[in-house]
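Observations on the three-dimensional arrangement
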Amino acid sequence: MAASPSLRPRLLVALVRTVTLALALTGFGLLRPVRAAEPLAPAGTPAAAFPKPDRPVAEIVAPLWASEAQRDSVDEVGQVMRLMGIAAGQSVADIGAGSGYYTVRMAERVGPQGHVYAEDVTPRYLVGLEGRIAKSALTNVTVVRGEPHDPRLPPASLDAAVLVHMYHEIAQPFGLLHNLAPMMKPGGRIGIVDADDVPSRHGTPPALLACELTAAGYRQTGFSVLEGGVGYLAIFAAPAAAERPNPGAIRPCRDETTRGGRDGAAQRAR
């Protein structure tokens, strides 16, 4: 039924007010639709094809392991980027990006000719990442939804990838490493930042880390204890296709540190 002539002006005013309010809220980001991050590549080898790690897997508890101010005070990201040779124009990935602490700083480092893929698997972290990137007005960052065993990034797209304080949370490390390798360009390097502690206390003993990556075909090229008590950085070269072991042939590494072994060295399980 049509509105009476006397009601039409009031309806028009109400409509204008509603549209104006909606535009204002959108301007503040309150009604802006959240974009669901999507994978950028087909699924790789499934997790079930790989052996389980012979160690505890830590629970994902927070998107940030320490305050950004604390980490900036010791130049954590700067240390890592210098040691890894991350420079302007490169394409890099922040695997398990969490709050985006590394993402935004790497985006500034690689510049407009470079690119950063901010990958995570936790939906609420992805929403937060997209909000932070939008607020920062960064145009060289893509937020990507991966899988716990597969980052789902484009093949041969990365000069470098960092996994920061999250390796101990990976339930299927052999799958993730196997599927990550084809995403690296020739000469691409992987940097893993972690604490020298047992996985149940949110760390990875360096010997265990090196053993697991060697089992997946990676070659260690560097190791540094970072200044400021923020852990260590281990750098690895990703294997070429012919160097990647068959998933069924991978042997997990024994977590001797958790078991209380005297020297803490990781050994292949028997």
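Keep in mind that this is a model prediction, so the values were computed, not measured.

Criteria and thresholds
Residues numbered from 1 in each chain as written. Predicted model: local features only at pLDDT ≥ 70, side-chain atom pairs only at ≥ 80, totals over all residues. Heavy atoms only, no water. Core = buried A, V, L, I, M, F, W, Y, C linked by side-chain atoms within 4.5 Å. Buried < 20%, exposed > 50% of the residue type's maximum accessible area, 1.4 Å probe, protein only. Helix = DSSP H or I, 4+ residues; strand = E, 2+ residues; numbered from the N terminus. Contact = heavy atoms within 4.5 Å. Disulfide = S-S within 2.5 Å. Expected span 1.5 Å × (residues − 1). Arc of directions from axis to C-beta. pLDDT = per-residue confidence, 0-100. Axes fitted to C-alpha atoms, helices over the stretch in contact; angles between N-to-C directions. Left-handed = near helix turned anticlockwise from the far one by under 90°. Nonpolar A, V, L, I, M, F, W, Y, C, P; charged D, E, K, R; others polar.

1. Considerations on the nonpolar core
- Of all hydrophobic cores here, the largest spans 29 residues; its most connected members are Val80, Met84, Ile86, Tyr102, Met106 and Val162.
- Among the secondary structure elements, those contributing two or more residues to this core are helix H3 (76–84), helix H4 (101–110), strand E2 (115–120), helix H5 (123–136), strand E3 (141–145), strand E4 (158–164) and strand E7 (232–237).
- No other element matches the 6 residues that H4 contributes to this core.
- Discounting chain neighbours no more than four positions away, the residues touching valine 162 are Val80, Met84, Ile86, Ala93, Asp94, Ile95, Tyr102, Met106 and Gly191.

2. Some details on the state of the cysteines
- In this structure the tally under the stated criterion is 1 disulfide.
- In this model, cysteine 211 is linked to cysteine 253 through a disulfide, with the two sulfur atoms separated by 2.3 Å. Linking cysteine 211 and cysteine 253, the disulfide has an S-S dihedral of approximately -90° and is accordingly described as left-handed. Remark: cysteine 253 occurs in strand E8 (residues 253–254) and cysteine 211 occurs in helix H7 (residues 206–215); sequence separation between them is 42 residues.

3. Things to note about H5
- An ideal rise of 1.5 Å per residue puts 20 Å on 14 residues; H5 measures up with 20 Å between its terminal C-alpha atoms.
- Those residues of H5 that fall on the buried side of the exposure criterion are Tyr125, Leu126, Leu129, Glu130 and Ile133. The buried side chains of H5 occupy one side of the element, clustering within an arc of 135° when seen end-on. With respect to the buried face of H5, the exposed residues turned more than 90 degrees away are Arg124 and Lys135.
- In this structure, the buried side of H5 is in contact with H4, E2 and E3.
- With its phi angle positive at about 60°, alanine 137 sits one or two positions after the end of H5.

4. Structural notes on the confidence of the model for the protein
- Here the protein shows a mean pLDDT of 85. Residues at 70 or above account for 80%.
- In the predicted structure, residues 1–34 sits below a pLDDT of 50 and forms 10 contacts with residues beyond four places in sequence or in another chain.

5. Quick look at the packing of H4 against H5
- The interhelical angle for the contact between H4 and H5, taken along N-to-C directions, is 35°, at an axis separation of 10 Å. Of the two possible hands of crossing, H4 and H5 adopt the one that is right-handed. Where H4 approaches H5, its residues Tyr101, Thr103, Val104 and Arg105 are matched on the opposing element by Arg132, Ile133 and Ser136.
- Tallied by class, residues from the contact of H4 with H5 come to 3 nonpolar, 2 polar and 2 charged.

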